[in-house]
Amino acid sequence: MKPFPFPDKENSMEELRQDYVFPKIEPERVDEIFEDAWAVGEEQARLFLERYDFGSQDKKLDMRKVFRESGIRLQEEDIDYVLGKRRYFAEYLSGKNLMKIYIRSVALWCETNGFSYEEGLNVILCHEYFHYLEWNVIGMTSRRYQVPILKIGSLKIGRTGVPSLSEIGANAFANICYGYLA
């Protein structure tokens, strides 16, 4: 089996450090909120594997099938979707129950990581399934910890979540499920 192609637990901390709201997080809480987001992903992965009756690594997950069984339509678009400096491989559109897959982006990622298209897409869809769970089952991991939108001295105005926590949870989810992917 190829090495896990997404950030592992150690490397996922970098996602949090690069979050635009990171400077607003109380330094003494950084490890705590990171561990919480990672634990959410791991727990959801265990529940997911139990739900699909994965007692051993002999049975393999086909994420296209999982999405179809969850009532999510898969729509493949023949583009390399880059916005700013970030390449997107897929995105879940919750209101439409639709997962858009960007074929050229996925193909580039697969080539870089030594996967066939279907193998790599399966890994990417596993990561994306966690985002589906956030929207439909468990709530947004990014909202589990709130930071002030604006802080002037001791005055704090508004609250917002930490977007990278959702990615950290998705990395943990995919990390646990990786050995079960077809």
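Relevant structure appears above.
*Asks:* How should the packing of aromatic side chains be read in this particular structure?
*Replies:* Between two aromatic rings, the relevant description is the distance of the centres plus the angle of the planes. Evaluation of the coordinates by the stated rule reveals 14 aromatic pairs. Ring plane angle 90° and centroid distance 5.6 Å describe the contact between Tyr92 and Tyr132, whose orientation is recorded as edge-to-face. Of the two residues, Tyr92 sits in strand 4 (residues 90-93) while Tyr132 sits in helix 5 (residues 117-138), which places them 40 residues apart along the sequence. The same class applies to Tyr92 and to Tyr132, which are both buried. By the ring-pair criterion, three or more aromatic residues cluster together here, those being Phe48, Tyr52, Phe67, Tyr92, Tyr129, Phe130, Tyr132 and Phe173.

*Asks:* Help me understand the sheet that holds strand 5 (residues 98-102), please; the structure alone is not making it clear to me.
*Replies:* Across a sheet, strands are paired by hydrogen bonds formed along the backbone, either parallel or antiparallel in direction. With mixed pairing, the three strands of this open sheet are ordered in space as 1-5-4. Edge strands, defined here as strands with exactly one partner in the open sheet, are strand 1 (73-77) and strand 4. With strand direction ignored, the average angle separating the axes of adjacent strands in the sheet is 20°. Looking at chain direction, strand 1 and strand 5 are connected through five bridges and run parallel. Pairing of Glu77 across the sheet is with Tyr102, part of strand 5.

*Asks:* Honestly, the nonpolar core in this entry has me stumped. Any pointers?
*Replies:* General note: in soluble globular proteins, nonpolar side chains tend to be found buried as a group. By size, the foremost hydrophobic cluster in this structure holds 38 residues, and its most contacted members are Phe48, Leu61, Met63, Tyr129 and Phe173. The set of elements that each furnish at least two residues to this core consists of helix 2 (30-51), helix 3 (63-69), strand 4, strand 5, helix 4 (103-113), helix 5 and helix 6 (164-177). Examining the composition of this core, we find that nine residues originate from one element, helix 5, more than from any other. What Phe173 contacts, discounting residues up to four positions off in sequence, is Gly41, Glu42, Gln44, Ala45, Phe48, Cys126, Tyr129, Phe130 and Leu133. Ranked by size, the runner-up nonpolar core spans 15 residues in total, among them Ile33, Val147, Val162 and Ile168.

*Asks:* Would you mind going over the pattern of salt bridges with me for this structure?
*Replies:* One side chain can pair with another of opposite charge once the charged atoms of both are near each other. Under the defined criterion, the tally for this structure stands at eleven salt bridges. Taking the shortest distance from any N to any O, the salt bridge between Arg17 and Glu14 comes out at 3.7 Å. Residue Arg17 and its partner Glu14 are located together in helix 1 (residues 9-17), separated by three residues, close to a single helical turn. Given a relative accessible area of 37%, Glu14 falls into the partly exposed group. Across the pair Asp36 and Arg144 runs a salt bridge, and its minimum N-O distance is 2.7 Å. With Asp36 in helix 2 and Arg144 in the loop between helix 5 and strand 6 (147-152), this residue pair connects regions lying 108 residues apart in the sequence.

*Asks:* Would you mind going over the packing of helix 1 against helix 2 with me for this structure?
*Replies:* For any two helices packed against each other, one specifies the inter-axial angle together with the distance between the axes. Their axes nearest at 11 Å, the elements helix 1 and helix 2 cross at an angle of 120°. In the packing of helix 1 onto helix 2, the handedness of the crossing is right-handed. Touching Lys9, Ser12, Met13 and Leu16 of helix 1 are Val30, Asp31, Ile33, Phe34, Glu35 and Trp38, all from helix 2. Taken together, the residues of the contact of helix 1 with helix 2 break down into six nonpolar, one polar and three charged.

What counts and how
- Residues numbered from 1 in each chain as written.
- Predicted model: local features only at pLDDT ≥ 70, side-chain atom pairs only at ≥ 80, totals over all residues.
- Heavy atoms only, no water.
- Phe/Tyr/Trp six-rings, centres within 6.5 Å; stacked < 30°, edge-to-face > 60°.
- Helix = DSSP H or I, 4+ residues; strand = E, 2+ residues; numbered from the N terminus.
- Buried < 20%, exposed > 50% of the residue type's maximum accessible area, 1.4 Å probe, protein only.
- Pairing = 2+ DSSP bridges.
- Axes fitted to C-alpha atoms, helices over the stretch in contact; angles between N-to-C directions.
- Core = buried A, V, L, I, M, F, W, Y, C linked by side-chain atoms within 4.5 Å.
- Contact = heavy atoms within 4.5 Å.
- Salt bridge = Lys/Arg side-chain N within 4 Å of Asp/Glu carboxyl O.
- Left-handed = near helix turned anticlockwise from the far one by under 90°.
- Nonpolar A, V, L, I, M, F, W, Y, C, P; charged D, E, K, R; others polar.

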